[in-house]
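Okay, here's what each chain looks like letter by letter:
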Amino acid sequence: MNIRSLSRGDGVAIGAAVVLLIASFLNLNSYGDANAWQALHLLMSIYLAGVIAAALIVTSRALPQPRKVAGLELGQFGVALSLFAAWTAFWALIDSPGAGIGLILGLIAALALAGAAVATPLVPALKLPLVGAPRPTPVAGPYGGGAQPPQGYGYPAGGQQQGGYGYPGGQSYGGQQAPAGDAGATVGHAAGAAAGGAAGATPAAGAPAEFAPFWFAVPVTRPLYGEDSSPSPIAELAPGTWYLAVDQRGSALVAQTQDGRRGILQDTTGIQRG
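**What to know about the overall build of the protein**
Each helix and strand in the protein was counted, giving 6 helices and 11 strands. In the protein, which comprises 274 residues, the proportion classed as buried is 31%. Within the protein, residue pairs in contact and separated by at least 24 positions form 60% of the contacts whose partners lie at least 6 positions apart. Per element, the accessible surface of the protein, about 15600 Å² overall, is 62% carbon and sulfur.

**What about the packing of helix α2 (residues 40-62) against helix α3 (residues 74-95)?**
Their axes nearest at 8 Å, the elements α2 and α3 cross at an angle of 155°. Classified by the interaxial angle, the pair formed by α2 and α3 is roughly antiparallel. α3 is crossed by α2, and the crossing has left-handed handedness. Facing α2, whose interface residues are Leu42, Ser45, Ile46, Ala49, Gly50, Ile52, Ala53, Leu56, Ile57, Thr59 and Ser60, α3 presents Leu74, Gly75, Phe77, Gly78, Val79, Leu81, Ser82, Phe84, Ala85, Thr88, Ala89 and Ala92.

**So, the pairing of strand β10 (residues 262-265)**
Of the pairings in the sheet, the one linking strand β9 (residues 252-256) to β10 comprises 4 bridges and is antiparallel in character. Looking at β10, one finds that Leu253 is bridged to Leu265.

**Things to note about a nonpolar patch on the surface**
On the surface, a nonpolar cluster with roughly 340 Å² of combined accessible area is contributed by Leu83, Val118, Leu122 and Val123. Along the chain, the position of Leu83 falls in helix α3.

**Examining the pattern of salt bridges**
A full pass over the atoms with the stated rule returns 3 salt bridges. Taking the shortest distance from any N to any O, the salt bridge between Arg249 and Glu227 comes out at 3.0 Å. In this pair, Arg249 sits in strand β8 (residues 243-249) while Glu227 sits in the loop between β6 (222-225) and β7 (233-237), placing the two residues 22 residues apart along the sequence. The exposure class assigned to Arg249 is partly exposed, which follows from its relative accessible area of 42%. With a shortest N-O distance of 3.8 Å, Arg262 and Glu227 are connected by a salt bridge.

**What about the confidence of the model for the protein?**
On average, residues of the protein score 75 in pLDDT, and 69% of them reach the 70 mark or higher. Ranking the elements of the protein by mean pLDDT puts strand β3 (residues 139-140) last, at 42, and helix α4 (residues 101-119) first, at 94. Here residues 136-155 scores under 50 on pLDDT; set against residues more than four positions off or in separate chains, the count is 38 contacts.

**Examining the packing of aromatic side chains**
The tally for this structure, following the rule as stated, stands at 6 aromatic pairs. With a centroid separation of 5.9 Å and an interplanar angle of 55°, the aromatic rings of Phe211 and Phe214 are classed as tilted. Of the aromatic side chains, those joined through ring pairs into one cluster are Phe211, Phe214, Phe216 and Tyr243. Sitting over the ring of Phe214, Arg273 keeps its end group 3.7 Å from the ring centre.

**Observations concerning the nonpolar core**
Core analysis: the largest hydrophobic core is formed by 26 residues, its most contacted members being Leu20, Leu28, Leu42, Ile46, Tyr47 and Leu113. Breaking this core down by element, the ones donating at least two residues are α1 (8-23), α2, α3 and α4. At 7 residues, α2 tops the list of elements feeding residues into this core. Those residues in contact with Tyr47, other than ones at most four positions away along the chain, are Leu20, Ala23, Ser24, Leu28, Ala36, Leu42, Gly102, Leu103 and Gly106.

**Description of α4**
Relative to the 27 Å expected for 19 residues at 1.5 Å per residue, α4 spans 27 Å between its end C-alpha atoms, a close match to the ideal helical length. Along α4, the positions that sit buried rather than exposed are Gly102, Leu103, Gly106, Leu107, Ala109, Ala110, Leu113, Ala114, Ala116 and Ala117. At its buried positions, α4 is contacted by α1, α2 and α3.

**Points about the environment of Leu93**
Along the chain, the position of Leu93 falls in helix α3. For Leu93, a relative accessible area of 23% corresponds to the partly exposed category. Sequence separation of Leu93 and Asn29 is 64 residues, and the distance between their C-alpha atoms is 9.7 Å. If near-sequence neighbours (up to four positions away) are discounted, Leu93 is found in contact with Ala99, Leu103, Ile104 and Leu107.

Conventions used here
Residues numbered from 1 in each chain as written. Predicted model: local features only at pLDDT ≥ 70, side-chain atom pairs only at ≥ 80, totals over all residues. Heavy atoms only, no water. Helix = DSSP H or I, 4+ residues; strand = E, 2+ residues; numbered from the N terminus. Buried < 20%, exposed > 50% of the residue type's maximum accessible area, 1.4 Å probe, protein only. Contact = heavy atoms within 4.5 Å. Areas by Shrake-Rupley, 256 points an atom, 1.4 Å probe, with all protein chains shown as cover. Axes fitted to C-alpha atoms, helices over the stretch in contact; angles between N-to-C directions. Parallel < 35°, antiparallel > 145°, perpendicular 65-115°, else oblique. Left-handed = near helix turned anticlockwise from the far one by under 90°. Pairing = 2+ DSSP bridges. Patch = residues over 30% accessible without salt bridge, like charges linked within 9 Å, V, L, I, M, F, W, Y side chains within 5 Å. Salt bridge = Lys/Arg side-chain N within 4 Å of Asp/Glu carboxyl O. pLDDT = per-residue confidence, 0-100. Phe/Tyr/Trp six-rings, centres within 6.5 Å; stacked < 30°, edge-to-face > 60°. Lys NZ or Arg CZ within 6 Å of the ring centre and 35° of its normal. Core = buried A, V, L, I, M, F, W, Y, C linked by side-chain atoms within 4.5 Å. Expected span 1.5 Å × (residues − 1).

Here is the structure:
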């Protein structure tokens with residue numbers, strides 16, 4: 001389970017489930033000391049039903065592939081169970097001659113759980129990640145150099161440009177860096193070649209720009225679909241991880257995960273480029 005794939009709505013559902021569990025130990029009636037554990041029908045239909053509903057909702061959104069129970073996805077089953085718990089808590093409170101703190105608090109928590117379960121896919125504020133994406137920790141460079149972000153797969157290029165596949169703006173594959181002693185000659189030669197090329201080259205009008213691979217991170221969990229246009233996702237991109245965009249198809253990106261899988265990221269809104 002990837003905790004970074006959880007949203008703020010999932011956090012509300014988890015908090016409501018905790019409150020439901022606490023309320024099950026409090027008095028159901030104002031004139032007695034009986035709690036939900038002494039009333040099995042209320043315990044199963046309100047308190048434990050709400051806790052199970054929250055567990056199903058959170059689990060379904062944290063899993064990379066949707067799981068189904070009786071033809072319904074776990075999240076759909078959890079939403080239905082949360083609505084049932086809120087409905088039962090409402091009528092139990094109405095029917096009670098003297099509702100205690102346990103029943104009142106249970107109704108409030110059940111309503112909060114049902115509201116979060118229904119509103120999370122619809123309200124943008126609730127779809128924001130519960131845990132923010134971590135930033136690469138700067139480390140001291142070698143030979144007394146300044147702080148540089150860690151290199152390697154999963155991080156964009158740091159202060160120094162790196163050659164090879166996967167680092168936009170760096171040297172092309174197979175390029176070699178000029179020695180320090182020849183830096184001046186290299187710069188002068190490059191400037192002369194650029195001036196000559198600018199004078200003699202004729203750019204092709206309307207020629208499409210060549211795609212340059214770049215690193216990116218997603219703001220919220222998003223599915224990655226196969227390149228064969230299959231309807232079911234092959235992976236899930238989670239916030240807090242850098243992924244490599246290797247090609248572009250219209251508004252979609254061809255992304256590569258850390259384990260080497262490639263697929264289509266259809267929703268590219270709000271991505272952070274490295």
